[in-house]
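Survey of secondary and tertiary structure
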Amino acid sequence: MTQYPDWLWYDGKFVETHTASTSVLTHSLHYGVSVFEGIRAYRTELGKTAIFRLDAHLRRFIASARAFRMHIPFTLNELTAAHVALIGKVQLDEAYLRPLGFYGAEKLGLLTKDLSVHVMVAAWAWAAYLGEGAMTRGIRVKTSSFARPNASSGLTRAKISGTYANSILAKLEATEDGYDEALLLDSQGYVAEGSGENLFIVRGGALIEPEPACALLGITRETVIELAQDLGQKVQSRRLTRDDVYNADEAFFTGTAAEVVPIVELDRRTIGDGKCGPVTARLQRAYADAVRGRDPKRAEWLTLV
Ligand code: PPE
């Protein structure tokens, strides 16, 4: 079980975690419309903890809500201050932060008008998302029988809890079949993303991402693209099929929780030589340097606590 710290931030105040609760008639619990983010804070070389790309995450949080016409009753500045203060309150120097915006319990029924909106932020230590050793050894992935919902059946950029019913089905299927993670295709059969990560492949020296038509626009993805370009790496975005991944020289997943994780097998096909490849390793190092304050060019990505 996760050991959550004693305090979280709830509607503008610090509240003791064991008393922070909501009604079973909470609207978001019934219909899955709540917005959330996953953010990491790292101990940096500067001797202080820093939250990585907090501004980008909070802007996506507000945009996810806005797309559902949910009004978050706190400003970007107030949310920023809440995240910074929470890290201090729980006294963690490395943490995963989870803001959640959700509708209250005034009434059920699909119309979300006149419902209150609540925001909570929790922080806890969340180590190796895809298991110990995933970063170095790499992971085994299975193509999911569940497709990622396409752009005509909902909102694909919004980070909404309900969308994760699809991710959970894919993750359950892959892990129960003995794999570490699932790869979801779009409804036409092209590669979309992992259950909680974006995908990249390396082929003939080029870094290629699947055209993100129905995937979440990951902030780690965007970070890795910028870092790759800094290193003089060519980056392309195009439609990818499963066999593009099978026959790639390297493949990896990116995500806030997962970070940069090599994929060494898809559907029992070994990718490259079955080890973390050199481009992946270089980007893992560049990412670690950025989040830990060792890359002066990227200081603007850090919110010091
Ligand atoms: N796709 C999906 C479906 C996704 O959930 C994530 C993040 C990403 C891509 C990568 O996005 P970004 O973190 O902005 O680079 N998944 C979050 C939730 C994980 C969870 O299990 O909960 C995360 O990594 O924090």
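Residues numbered from 1 in each chain as written. Predicted model: local features only at pLDDT ≥ 70, side-chain atom pairs only at ≥ 80, totals over all residues. Heavy atoms only, no water.

Of the pockets and cavities examined, the largest pocket occupies roughly 560 Å³. Residue lining of the largest pocket: 32 residues in total, with Tyr129, Lys159, Tyr164, Ser195 and Gly196 positioned closest to the centre. Those elements that provide at least two residues to the lining of the largest pocket are helix H2 (54-67), strand E6 (95-103), helix H5 (164-176), strand E10 (191-194), helix H6 (219-230) and strand E14 (250-255). Element by element, the count of residues in the lining of the largest pocket is highest for H5, at four residues. Residue composition of the lining of the largest pocket, by class: ten nonpolar, 14 polar and eight charged. (1 Å grid on protein atoms, 1.4 Å probe; cavity = no way out; pocket = protein on both sides within 12 Å on 5 of 7 lines; lining within 4 Å. Points joined across faces, edges and corners; volume = space filled by probe spheres on them. Helix = DSSP H or I, 4+ residues; strand = E, 2+ residues; numbered from the N terminus. Nonpolar A, V, L, I, M, F, W, Y, C, P; charged D, E, K, R; others polar.)

What follows is about the domain arrangement of the chain. Each assigned domain of the chain is listed with its residue range as follows: domain 1 (7-124) and domain 2 (134-291). Once you take the C-alpha centre of each, domain 1 and domain 2 turn out to be 26 Å apart. With 21 residues of domain 1 in contact, the opposing surface of domain 2 contributes 20 residues. A combined buried area of about 1,700 Å² lies between domain 1 and domain 2, and 60% of that area is made up of carbon and sulfur atoms. Three residues stand out in domain 1 for area buried against domain 2, namely Phe36, Phe52 and Arg60, and they jointly supply 34% of the buried area on that side. Counting every contact that joins domain 1 to domain 2 gives one salt bridge. (Domains from an automatic or database assignment. Contact = heavy atoms within 4.5 Å. Buried area = accessible area lost by both parts, 1.4 Å probe. Salt bridge = Lys/Arg side-chain N within 4 Å of Asp/Glu carboxyl O.)

Let us look at empty space enclosed by the protein. Following the criterion strictly, the structure yields three cavities of 30 Å³ or more and no others. Its boundaries defined by the atoms lining it, the largest cavity holds a volume of some 60 Å³. For the lining of the largest cavity, the secondary-structure elements that each account for two or more residues are strand E4 (39-43) and H6. For the lining of the largest cavity, the per-class residue count stands at four nonpolar, three polar and one charged. Taken domain by domain, the makeup of the lining of the largest cavity includes at least three residues from each of domain 1 (7-124) and domain 2 (134-291). If you add up the space inside the second largest cavity, you get close to 40 Å³. Taken together, Ala192, Asn198, Leu199, Glu209, Pro210, Pro212, Ala215 and Arg221 make up the lining of the second largest cavity. Among the secondary structure elements, those contributing two or more residues to the lining of the second largest cavity are strand E11 (198-203) and strand E12 (206-210).

The local shell around the ligand holds 21 residues, among which Tyr96, Tyr129, Tyr164, Thr220 and Thr256 are the closest. At a separation of 3.4 Å, an oxygen atom of the ligand approaches a polar side-chain atom of Lys159. For the ligand, the cavity whose grid points lie within 2 Å of the majority of its atoms is the largest pocket. Those elements that place two or more of their residues in the shell around the ligand are E6, H6 and E14. Of the residues assigned to the shell around the ligand, the class counts are seven nonpolar, nine polar and five charged. Formed jointly, the shell around the ligand draws a minimum of three residues from each of two domains, domain 1 (7-124) and domain 2 (134-291). (Near = heavy atom within 4 Å. Polar contact = N/O pair within 3.5 Å; in protein donor to acceptor, adjacent residues only side chain to side chain. Sits in = over half its atoms within 2 Å of the grid points.)

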